[in-house]
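Fold and contact review
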Amino acid sequence: MIAGSLPRRYARALFELSLEEGDQTAVEGNGSSLESFANALERSPGALEAIASPSFSTDERIAVVREICSRLQIPSTVHQFLSFLVEKERAGLLPEVVREFGRMRDETLGIVRVMVTTPGPPEGALLREVERLFSRRSGRRTVATGRADPEMLGGLVLEVGG
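Described below are features of the structure shown in this document.

Here the focus is the sheet that holds strand 1 (residues 111-118). Strand order in the open sheet made by the three strands is 2-1-3, with mixed pairing throughout. The outermost strands of the open sheet, each flanked by one partner alone, are strand 2 (141-148) and strand 3 (157-160). Going across the sheet, the axis of each strand differs from the next one's by a mean of 25 degrees, ignoring polarity. Here four bridges tie strand 1 to strand 3, and the two strands are oriented antiparallel to one another. The residue bridging V114 from the neighbouring strand is V160, located in strand 3. The sheet contacts of helix 7 (residues 124-138) involve strand 1, strand 2 and strand 3, and relative to strand 2 the element is tilted by about 145 degrees.

In structure tokens form, the structure reads like this:
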């Protein structure tokens, strides 16, 4: 199987379920919930490995997913999807599934993502100005995020859609 096609298939399944729930709000909400769950796992060292590990029973791993979903108030569609990934021994694909879902969401909703890199942490005013300028030029909603690169001497780097 071609690398990346499996996470794309799982992301597509959740994406289509989200569309069936009604409107674009469901796509945005489920995408945000999926990202929140993935971020919670990132903040807890070993958490992704634990829910992906066959060393624990499927029931134990699903219980962990249930607990995290409960604490984060994850909607049932996303909770069931995450439990399905665990049942099918695919929880380790979660980071790639999140990325693929995000790409599908952005394409459908007409969102352009811009990464702003500066020598120090980018100020909120700079990010808002980048969003305003890109939105005006592209006619699409723009979301700018920032990161610092202390190796830079000055200026800024804009990465669009990466």
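Next up on the list: the pairing of strand 2. Sheet analysis places strand 1 next to strand 2, joined by eight bridges and oriented parallel. Within the sheet, the bridge partner assigned to R113 lies in strand 2 and is V143. With respect to chirality, the unit in which strand 1 leads through helix 7 into the neighbouring parallel strand 2 is right-handed.

In this structure, L34, F37, L41, F81, L82 and L94 are the most contacted members of the largest nonpolar core, which totals 30 residues. Of all the elements in the fold, those that place two or more residues in this core are helix 1 (5-20), helix 2 (24-43), helix 3 (47-52), helix 4 (58-72), helix 5 (76-87) and helix 6 (94-109). The dominant element in this core, judged by the number of residues it contributes, is helix 2, at six residues. Look past the residues within four positions of L82 in its chain and what remains in contact with it is L34, F37, V65, C69 and L94. Counting residues in each nonpolar core, the second largest holds six residues, with V114, L127, V130 and A144 among its members.

Analysis parameters
- Residues numbered from 1 in each chain as written.
- Predicted model: local features only at pLDDT ≥ 70, side-chain atom pairs only at ≥ 80, totals over all residues.
- Heavy atoms only, no water.
- Pairing = 2+ DSSP bridges.
- Helix = DSSP H or I, 4+ residues; strand = E, 2+ residues; numbered from the N terminus.
- Axes fitted to C-alpha atoms, helices over the stretch in contact; angles between N-to-C directions.
- Contact = heavy atoms within 4.5 Å.
- Right-handed = clockwise from strand over helix to strand, strands pointing away.
- Core = buried A, V, L, I, M, F, W, Y, C linked by side-chain atoms within 4.5 Å.
- Buried < 20%, exposed > 50% of the residue type's maximum accessible area, 1.4 Å probe, protein only.

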